[in-house]
Amino acid sequence: MRRVVVVAAMIIGAVSGARAADLSDLPILRGSVTEGLTISAVNWQGFYIGGQGAYGTSDMNFTNATRTDAARLLDGLALEAAGQVSSWPIMGKNSVHGSGIGGFAGYNGQWDDVVLGVEFNYLHAKFNGLSSGSMGKSFTDAGGYTDGVTYQGTARMSISDMGTIRARAGYAFSAFLPYMFGGIALGQADILKTVNITGIAVNASATPPFNSIPINYSTTNAINSHLIYGYSAGLGADVMLVSCLFLRAEWEYVRFTSSIDTSVNTVRVGLGYKF
């Protein structure tokens with residue numbers, strides 16, 4: 001009987017020791033969590049494509065839009081040398097709402113919850129601007145004529161396509177990915193500029209009919225499919241819906257530098273798929 005008790009005690013002790021060894025391997029008993037755990041449960045890494053719609057405002061500054069055309073038209077004339085007619089600020093700024101549709105494609109790299117990527121973004125849009133104005137002055141030129149001049153100009157710009165190449169940086173909160181971006185911007189625009197400079201030059205001491213000379217100069221300059229360029233910046237967020245389908249919302253600012261200084265602010269909503 002004593003042998004049975006001793007053997008039973010040895011077996012119970014061995015089983016208890018094995019259980020204790022197994023339990024000691026559990027992370028919770030070691031006072032730590034599983035290594036490599038992050039807040040992101042969604043894999044954002046990989047290529048993606050999508051479509052989008054946009055609505056926004058184009059702000060165009062036409063103040064010096066026709067200056068080059070007027071200077072070319074009046075080059076070498078006494079009235080330009082005396083009055084600097086081409087530099088008169090005859091037009092101003094114009095803001096117009098517009099909309100467009102387009103798409104995007106890019107690649108994300110992910111390190112824990114940090115997401116970095118590059119993207120090409122395209123928008124076929126309709127952002128237009130128009131301004132017209134006139135100014136009149138009287139001055140005496142080097143020939144002794146008193147020139148009464150009216151400078152009238154009209155300029156129109158229509159942006160039909162915009163594309164940006166962006167660098168993106170975001171931080172993933174599981175299915176929610178807020179990001180910021182910046183890059184270069186390219187666009188295509190049609191530009192139409194018209195200049196009319198009219199008036200009369202009078203010199204009472206000149207021999208008729210040269211004592212009164214009409215001033216009448218005009219030109220029209222149409223530039224179609226003109227390449228414009230600049231930079232872009234903005235903020236946005238992607239939200240993973242189901243599987244690899246995600247919803248996008250963002251704001252973008254684009255600045256174009258050309259003969260008509262232009263900025264375009266848009267809000268966009270898109271739907272994308274990550275491969």
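Each value, and the rule that gives it
- Position labels on residues start from 1 in each chain and follow its written sequence.
- At least 70 in pLDDT is required for a residue's local features to be given in this predicted model, at least 80 for side-chain atom pairs to be given and counted, and no such filter applies to totals for whole chains, interfaces and linings, which use all residues.
- Heavy atoms from the whole structure form the basis of all side-chain values; hydrogens and water molecules are not counted.
- Take the buried Ala, Val, Leu, Ile, Met, Phe, Trp, Tyr and Cys residues and link them wherever side-chain atoms come within 4.5 Å; each set so joined is a nonpolar core.
- Here's how the labels work: a residue is buried when its accessible area is under 20% of the maximum for its type, exposed when over 50%, partly exposed in between, all with a 1.4 Å probe on protein chains only.
- Elements are defined by DSSP. Helices are runs of H or I of four residues or more, strands are runs of E of two residues or more, and each kind is numbered from the N terminus.
- Contacts between residues were defined by any pair of non-hydrogen atoms, one from each residue, lying within 4.5 Å.
- A strand pair is defined by DSSP finding two or more bridges across the two strands.
- Patches draw on residues past 30% relative accessible area with no salt bridge. Two like charges within 9 Å are joined, as are two nonpolar side chains (Val, Leu, Ile, Met, Phe, Trp, Tyr) within 5 Å.
- What sets the accessible areas is the Shrake-Rupley method with a 1.4 Å probe; for residues, cover comes only from the shown protein chains.
- Whenever Lys or Arg places a side-chain nitrogen within 4 Å of a carboxyl oxygen from Asp or Glu, that contact is recorded as a salt bridge.

**As for the nonpolar core**
1) Next: In terms of nonpolar packing, the biggest core is built from 35 residues, with Phe-62, Val-85, Tyr-151, Met-157, Ile-159 and Ile-197 touching the most fellow members.
2) Next: Residue assignment for this core shows that the elements contributing at least two residues are β1 (46-61), β3 (114-140), β4 (146-171), β5 (176-202), β6 (212-242) and β7 (245-257).
3) Next: If we ignore the near neighbours within four places in the chain, the residues touching Phe-62 are Met-91, Gly-92, Asn-94, Gly-129, Leu-130, Ser-131, Ala-155, Arg-156, Met-157 and Ile-260.
4) Next: In terms of nonpolar packing, the next biggest core, distinct from the first, is built from nine residues, Val-42, Trp-44, Tyr-48 and Phe-104 among them.

**Describing the pairing of β1**
1) Next: Pairing geometry for β1 and strand β2 (residues 93-111), over 16 bridges, is antiparallel. Looking across to β2, one finds that Tyr-48 is bridged to Gly-106.
2) Next: Where β1 and strand β8 (residues 261-274) come together, 14 bridges link them in antiparallel fashion. Residue Asp-59 lies in a different strand from β8, and its bridge partner there is Ser-263.

**So, a nonpolar patch on the surface**
1) Next: There is a patch of nonpolar side chains on the surface, built from Phe-47, Ile-49, Tyr-107, Val-118, Tyr-273 and Phe-275 and spanning about 620 Å² of accessible area.
2) Next: Structurally, Phe-275 is set in the segment after β8.
3) Next: You can call Phe-275 exposed: its relative accessible area is 56%.

**Quick word on the pairing of β2**
1) Next: As paired elements, β2 and β3 share 13 bridges and run antiparallel to each other. When the sheet's bridge partners are listed, Ala-105 is paired in β3 with Phe-120.

**Notes on the pattern of salt bridges**
1) Next: Overall, the coordinates contain 11 salt bridges when judged by the stated rule.
2) Next: Of the charged contacts in the structure, one is a salt bridge between Glu-119 and Arg-168, with a shortest N-O distance of 3.9 Å. You can see Glu-119 sitting in strand β3 and its partner Arg-168 sitting in strand β4, a full 49 residues away along the chain. The burial state of Glu-119 is the same as that of Arg-168; both residues are buried.
3) Next: Ionic pairing is found between Arg-166 and Glu-250, a salt bridge with its closest N-O pair at 2.6 Å. With Arg-166 in strand β4 and Glu-250 in strand β7, this pair connects stretches of sequence that are 84 residues apart. An identical accessibility class is assigned to Arg-166 and Glu-250; each is buried.
4) Next: Linked through salt bridges whose partners overlap, the residues forming this network are Glu-119, Arg-166, Arg-168, Asp-238, Arg-248, Glu-250, Glu-252 and Arg-268.

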